[in-house]
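Listed below are the residues making up each chain.
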Amino acid sequence: MAGRIAPARGRYGGRDAAERRAERRERFREAGLDLFGAGPGYRATRLGDLCGAAGLSTRQFYEEYRTLEDLLADLHLYVNEVAEKAVLDVLPDVERLPLPERITANAHAYIRGAAGDVRHARIAYVEVVGVSPRIDHQRLERRAVWIELLNRIADDAVERGEIPPGNYRITAAALIGAVNGLMHDWVVGWVDATLEEIAGELLQIVLGRYRIIAGP
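The structure presented is a predicted model; accordingly, all values stated were derived computationally and were not measured.

What follows deals with the pattern of salt bridges. Here the structure, examined in full by the defined rule, presents 22 salt bridges. Here Arg 134 ties to Glu 69 by a salt bridge, and the two come within 3.4 Å at their closest N and O atoms. Of this pair, Arg 134 sits in helix H7 (residues 133-159) while Glu 69 is found in helix H4 (residues 68-94), placing the two residues 65 residues apart along the sequence. According to the relative accessible area criterion, Glu 69 is buried, its value standing at 18%. Notably, a salt bridge pairs Arg 134 with Asp 70, separated by 2.7 Å at the nearest N-O pair. Here Arg 134, found in helix H7, pairs with Asp 70, found in helix H4; they are 64 residues apart in sequence, far enough to count as distant. You can call Arg 134 partly exposed: its relative accessible area is 36%.

Below, the structure is given as structure tokens:
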């Protein structure tokens, strides 16, 4: 296994080392999104293919990552952060709305953030599955973050008197499991549906658990 190579220091072309490194990492990320998320996939991608797509050398790759799995792990965290930000950004705008409308906005924000770019969805729900114990552990850690976020939303609804007290952490875990399975099947083509239909199905699962009737 190759080790990381220390990046060069100093200024070149008017940019310092940190700026050059950020640009390289962004180019490797974009190449990884294309190859892992829209091209042959993580398992069929070779380092030379990735570097060629990024327009960078293998030496420059090893200044940022040790292996292609490192890049996959980086992209997995990145696409999760994009989806999480989409949900968090909408929360302040809907906090005064009735619960069904808040849940509806959250569900649609999540689907837009997670699958608006299908490359993100393929990496999050397909390419990272079964890669290694390390990636599996990272997936479980990110799953725990989503469960905690959903549980906080439910706790807030309990405090407002909108739903009865209950163990909504179980609900959150069940929903995340349903999301992962449904999105996997959608990405690989086993489910023929629009993103709006996917969001609507997830919405019905949540509203049903909370015993809420969605509005028109």
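From this point on, the discussion continues.
If you walk through the whole model with that rule in mind, you get five aromatic pairs. With a centroid separation of 5.4 Å and an interplanar angle of 90 degrees, the aromatic rings of Phe 28 and Phe 61 are classed as edge-to-face. Of this pair, Phe 28 sits in helix H1 (residues 17-37) while Phe 61 sits in helix H3 (residues 58-64), and the two are 33 residues apart along the sequence. By relative accessible area, which is 1% here, Phe 61 ends up buried. Grouping aromatic residues by their ring pairs yields a cluster made of Phe 28, Phe 61, Tyr 62 and Tyr 65. If you follow Arg 25 out to its NZ or CZ, it ends over the ring of Tyr 65, 4.6 Å from the centre.

Any two packed helices are characterised by how steeply their axes cross, that is the angle between the axes, and by the distance between the axes. Helix H6 (residues 118-127) packs onto H1 with a crossing angle of 65 degrees between their chain directions and a minimal axis gap of 9 Å. Relative to H6, H1 is oriented so that their crossing is left-handed. Taken together, the residues of H6 that come into contact with H1 (itself represented by Glu 30, Gly 32, Leu 33, Asp 34, Phe 36 and Gly 37) are Val 118, Arg 119, His 120, Arg 122, Ile 123 and Glu 127. Among the residues forming the contact of H1 with H6, the class breakdown is four nonpolar, three polar and five charged.

Along the chain, the position of Asp 156 falls in helix H7. By relative accessible area, Asp 156 is classed as partly exposed at 28%. Taking the C-alpha atoms as reference, Asp 156 lies 44 Å from Arg 20; in sequence the two are 136 residues apart.

On to helix H2 (residues 47-54), then. Those residues of H2 that sit buried are Leu 47, Leu 50, Cys 51 and Ala 54. Looking down the long axis of H2, one finds its buried residues gathered within 95 degrees of arc, a one-sided arrangement. For H2, exposure combined with an orientation more than 90 degrees from the buried face picks out Gly 52 and Ala 53. Taken together, the buried residues of H2 touch H1, H3 and H4. Backbone geometry just after H2 places Gly 55 at a positive phi near 70 degrees.

Let us now look at the layout of surface pockets. Approximately 350 Å³ is the volume attributed to the largest pocket. Along its surface, the largest pocket is lined by 19 residues, and His 76, Asn 80, Ala 124, Tyr 125 and Asn 180 are the ones closest to its centre. Among the elements of the structure, H4, helix H5 (99-115), H6, H7 and helix H8 (168-187) are those that each provide at least two residues to the lining of the largest pocket. Residue contributions to the lining of the largest pocket peak at five residues, all from H7. Counted by class, the lining of the largest pocket contains eleven nonpolar, five polar and three charged residues. One number sums up the size of the second largest pocket: a volume of about 180 Å³. If you trace the second largest pocket, you find it lined by Leu 91, Pro 92, Val 94, Glu 95, Arg 102, Asn 106, Leu 149, Arg 152, Ile 153, Asp 156 and Arg 160.

As for its position among the elements, Ala 121 is in helix H6. Residue Ala 121 is classed as buried on the basis of its relative accessible area of 0%. In this structure, the C-alpha to C-alpha distance between Ala 121 and Gly 37, residues 84 residues apart in sequence, is 7.7 Å. The contact partners of Ala 121, leaving out residues within four places of it in the chain, are Ala 114, Ala 115, Val 126, Trp 186 and Val 187.

Rules of the game
- Residues numbered from 1 in each chain as written.
- Predicted model: local features only at pLDDT ≥ 70, side-chain atom pairs only at ≥ 80, totals over all residues.
- Heavy atoms only, no water.
- Salt bridge = Lys/Arg side-chain N within 4 Å of Asp/Glu carboxyl O.
- Helix = DSSP H or I, 4+ residues; strand = E, 2+ residues; numbered from the N terminus.
- Buried < 20%, exposed > 50% of the residue type's maximum accessible area, 1.4 Å probe, protein only.
- Phe/Tyr/Trp six-rings, centres within 6.5 Å; stacked < 30°, edge-to-face > 60°.
- Lys NZ or Arg CZ within 6 Å of the ring centre and 35° of its normal.
- Axes fitted to C-alpha atoms, helices over the stretch in contact; angles between N-to-C directions.
- Left-handed = near helix turned anticlockwise from the far one by under 90°.
- Contact = heavy atoms within 4.5 Å.
- Nonpolar A, V, L, I, M, F, W, Y, C, P; charged D, E, K, R; others polar.
- Arc of directions from axis to C-beta.
- 1 Å grid on protein atoms, 1.4 Å probe; cavity = no way out; pocket = protein on both sides within 12 Å on 5 of 7 lines; lining within 4 Å.
- Points joined across faces, edges and corners; volume = space filled by probe spheres on them.

Everything listed here is a matter of geometry and, on its own, says nothing about what the molecule does.
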